[in-house]
Amino acid sequence: MKSFLPWRRAGVLLMALGGVVASVAAQAQVLQLKWGHVFEPGSIFHQQAELAARKIGEQSEGRIKIEVVPSSKLGQEGDFALMLANDSMQIAYVGQATLADVYPPLRLGSYPFAFKDLAHMRKYLASPLLAELMKGYDEKSGNHMVAPVYYGARQVTSSKPLQKPEDFRDLRLYVPDASAYQLFATALDAKPITLPFMSLYGSLKKGEVEAQENPLGTVKDKRLYEVQKYVQLTGHIYDTLGIVIGKAAWAKLTPAQQAMVEKTLVETAKWTNVGVIAGELEDEQFLRGKGMTVSPVNRQAFLERIAKRSTPEQFGARPGDYAKLQALGGGGAN
């Protein structure tokens, strides 16, 4: 019987080693993902990312762990395309204008004054037209745009009243470094100023920049009411973000995991859309309470000025898409 003991010992040892290997393999199956964005931790977009990360972690039984990194700590939005491509970031919020730099037909949604109102935008978010454009982005970039998220109507804040297009001539206007925002500025003969977003507050305070354009939620979150006096309700772009997953990260998910992740991100995006819409009215009242003068403008006058400088097709839209977009709003041009 003793002659069999070494074999028994070897068997026990192999079983123990097998358990260690299985444990290591199980740990190796945990997929660690980083979700980067430029927003503050208190923003609804960060809240959505955290909510989605928690739900995905629970539904994957801990096999997918998402770390949400806010406040441009991983880089600026313009860096995200490269970071997704080289897998140094796996998930990102990316503005539609930045996405359109990769796939120009997406500029349709950021053409100035393309939308009549919020209802028009909401129809676009749920439309086959946008779904088709998202698919085009995927094919061009290799990444996967999972869901659109409403970011807000972009309004202009300033140190002096700006009621008509002529008031923008030679105005030092901050706009992000993307074609849609640059077009808005140059078509009005303003001087577009592009700088790191984190530097905007200081530049406005010093008077180096006279005005800027962003949704009211951003004006509130970044405390721009401390360095600006006027809000012009231009609503020149009803902006969206795309939740984008990098090609390498998407490929690491099983088909079942892909379906679960996509479903969760789409559902939490809808929750965010409702919150952003409700927040816009609250933000307007908040800014009034901070002493800002909030007033509407004649959007038609601004639209006519933009139309003299560029058509949607020259801007990057596919032929016929602008007409389809206007049809969603119930008629012809704004």
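Refer to the structure printed above.
The model shown is predicted, which means the values in this text are computed figures rather than measured ones.

Participant: I tried to follow the packing of aromatic side chains on my own but got confused; where do I start?
Facilitator: What characterises a pair of aromatic rings is the spacing of the ring centres plus the angle enclosed by the ring planes. By the definition in use, this model includes 15 aromatic pairs. With 5.5 Å between their ring centres and 45° between their planes, phenylalanine 39 and tyrosine 151 make a pair best called tilted. Highlighted residues: phenylalanine 39 in the loop between β1 (31–36) and α2 (44–59) and tyrosine 151 in strand β4 (residues 144–158), separated in sequence by 112 residues. Judged by relative accessible area, phenylalanine 39 falls into the buried class, the value being 9%. Owing to a relative accessible area of 10%, tyrosine 151 belongs among the buried residues under this scheme. Measuring from centroid to centroid gives 6.4 Å for phenylalanine 115 and tyrosine 238, while their planes differ by 75°, and the two rings are edge-to-face. In this pair, phenylalanine 115 sits in the loop between α4 (96–102) and α5 (118–125) while tyrosine 238 sits in strand β8 (residues 230–245), placing the two residues 123 residues apart along the sequence. Each member of the pair, phenylalanine 115 as well as tyrosine 238, carries the same accessibility label: buried. What links up through ring pairs into an aromatic cluster is the set Trp35, Phe39, Phe45, Tyr93 and Tyr151. Here arginine 107 stacks its cationic end above the ring of phenylalanine 315, 5.8 Å away from the centre of that ring.

Participant: Help me out: how do you make sense of helix α14 (residues 321–328) in this one?
Facilitator: Residues three or four positions apart in an α-helix share a direction because the helix packs 3.6 residues into each turn. Along α14, the positions that sit buried rather than exposed are Asp321, Tyr322, Leu325 and Gln326. Projected down its long axis, α14 carries its buried residues within an arc of 140°, all on one side. Turned more than 90 degrees off the buried face of α14, the exposed positions are Ala323 and Ala327. Contacts made by the buried residues of α14 are with α5, α6 (128–141) and α13 (312–315). Glycine 330 lies just past α14 and shows a positive phi near 95°.

Participant: Before we go on, may I ask you to explain unusual backbone geometry in this structure?
Facilitator: Working note: non-glycine residues mostly have negative phi, and peptide bonds are mostly trans. Its identity as a non-glycine residue notwithstanding, glutamate 61 has a phi of 55°, on the positive side. Turning to its location among the elements, glutamate 61 is positioned in the loop between α2 and β2 (64–69). Here aspartate 189, not a glycine, exhibits a phi torsion of approximately 65°, which is positive. With respect to the helices and strands, the residue aspartate 189 is situated in the loop between α7 (179–187) and β6 (191–193).

Participant: Hey, could you run me through the side chain of histidine 236 in this one?
Facilitator: Relative to the assigned elements, histidine 236 resides in strand β8. At a separation of 2.7 Å, a polar atom in the side chain of histidine 236 contacts the side chain of glutamate 213. Look past the residues within four positions of histidine 236 in its chain and what remains in contact with it is Tyr111, Pro112, Phe113, Arg154, Gln155, Val156, Phe184 and Glu213.

Participant: I would appreciate a short explanation of the pattern of salt bridges in the present structure.
Facilitator: A side chain of one charge can pair with a side chain of the opposite charge when the charged atoms of the two come close. Under the defined criterion, the tally for this structure stands at 18 salt bridges. We note a salt bridge from glutamate 267 to lysine 263, for which the minimum N-O separation is 2.6 Å. One end of the pair is glutamate 267 and the other is lysine 263, both in helix α11 (residues 255–289) and 4 residues apart, which spans about a single turn.

Participant: I keep staring at the environment of serine 110 and nothing clicks. Help me out?
Facilitator: With respect to the secondary-structure elements, serine 110 resides in the loop between α4 and α5. Sequence spacing of serine 110 and proline 312 is 202 residues, and the spatial spacing of their C-alpha atoms is 9.6 Å. The contact partners of serine 110, leaving out residues within four places of it in the chain, are Gln96, Ala97, Ala180, Ile237 and Phe315.

What counts and how
Residues numbered from 1 in each chain as written. Predicted model: local features only at pLDDT ≥ 70, side-chain atom pairs only at ≥ 80, totals over all residues. Heavy atoms only, no water. Phe/Tyr/Trp six-rings, centres within 6.5 Å; stacked < 30°, edge-to-face > 60°. Helix = DSSP H or I, 4+ residues; strand = E, 2+ residues; numbered from the N terminus. Buried < 20%, exposed > 50% of the residue type's maximum accessible area, 1.4 Å probe, protein only. Lys NZ or Arg CZ within 6 Å of the ring centre and 35° of its normal. Arc of directions from axis to C-beta. Contact = heavy atoms within 4.5 Å. Polar contact = N/O pair within 3.5 Å; in protein donor to acceptor, adjacent residues only side chain to side chain. Salt bridge = Lys/Arg side-chain N within 4 Å of Asp/Glu carboxyl O.

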